[in-house]
Amino acid sequence: PGLIQQAIDDIIQYFDDNPNEKVFPLGPPDGMTRISEDPVSQSQIDKTRGFAGEFSNYVWGFINKVAIGVAKKHPTKYISCLAYSRNQLPPSNIDRMSPNVIAGICFFRSMLPDPERRIKYNELIEGWKAKGCTLYRYEYYCNPFFDTKWQQYPMFFTKILQEDMQNM
């Protein structure tokens, strides 16, 4: 609770000092492999959701509580977090996210021509849409997933991009 309140206070101060800013990025560092060992934190781990969702309830619960607190003073400001790695899946313990939460869906664009991966990606988007928060995409264009000889070359997926933009 103290960390949540400190984050709320710090972000409110940030928006007070920077009134033209609309979004504050908040979230765990890249490569998060574990969370606090205290029983309350540990109870939020859900290993049944696999790698992509085991920390979702913990991370998104924190983000949602902070967003609710910030909205009391700054109702038109947003808190963003990447849906990434172990918190990529939407939380299973929150029916609707605070409307000032923005989830950034991370994905390797080069994976989407694969029909099975495309289905999973669309399911991920639909799961997040059901939570009611704003979505954006954080995509990796210079990382060909299937063909390593082309790594670091930009790739263009115009048809898939068109389909995705219509789906958001």
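Structure shown above.
Cut-off values and rules
Residues numbered from 1 in each chain as written. Predicted model: local features only at pLDDT ≥ 70, side-chain atom pairs only at ≥ 80, totals over all residues. Heavy atoms only, no water. Core = buried A, V, L, I, M, F, W, Y, C linked by side-chain atoms within 4.5 Å. Buried < 20%, exposed > 50% of the residue type's maximum accessible area, 1.4 Å probe, protein only. Contact = heavy atoms within 4.5 Å. Phe/Tyr/Trp six-rings, centres within 6.5 Å; stacked < 30°, edge-to-face > 60°. Helix = DSSP H or I, 4+ residues; strand = E, 2+ residues; numbered from the N terminus. Axes fitted to C-alpha atoms, helices over the stretch in contact; angles between N-to-C directions. Parallel < 35°, antiparallel > 145°, perpendicular 65-115°, else oblique. Left-handed = near helix turned anticlockwise from the far one by under 90°. Nonpolar A, V, L, I, M, F, W, Y, C, P; charged D, E, K, R; others polar.

Regarding the nonpolar core
Ranked by internal contacts, the top residues of the largest apolar core, which has 32 residues, are Trp-60 and Trp-128. What Trp-128 contacts, discounting residues up to four positions off in sequence, is Trp-60, Ala-83, Asn-87, Gln-88, Leu-89, Pro-90, Pro-91, Ala-103, Ile-105, Cys-133 and Leu-135.

A short note on the packing of aromatic side chains
Under the criterion given, the structure shown has three aromatic pairs. Relative to Phe-15, the ring of Tyr-14 lies with its centre 5.6 Å away and its plane at 65°, an arrangement referred to as edge-to-face. According to the relative accessible area criterion, Tyr-14 is partly exposed, its value standing at 27%. Centre to centre, the rings of Trp-60 and Trp-128 are 4.6 Å apart; their planes meet at 65°, and the pair counts as edge-to-face. One end of the pair, Trp-60, is in helix α3 (residues 56-71); the other, Trp-128, is in helix α4 (residues 115-130), with 68 residues separating them in the sequence. For the pair Trp-60 and Trp-128, a shared accessibility class is recorded, and that class is buried. Among the aromatic side chains, those forming a connected cluster through ring pairs are Tyr-14, Phe-15 and Phe-24.

Remarks on the packing of α4 against helix α5 (residues 158-167)
Closest axis-to-axis distance for the α4/α5 pair is 11 Å, and the angle between their directions is 25°. Comparing their axes, α5 and α4 come out roughly parallel. Between α4 and α5 lies a crossing of right-handed hand. Listed contacts from α5 to Arg-118, Tyr-121, Asn-122, Ile-125, Glu-126 and Lys-129 of α4 are Ile-160, Glu-163, Asp-164 and Asn-167. Along the lines of polarity and charge, the residues of the contact of α4 with α5 split into three nonpolar, two polar and five charged.

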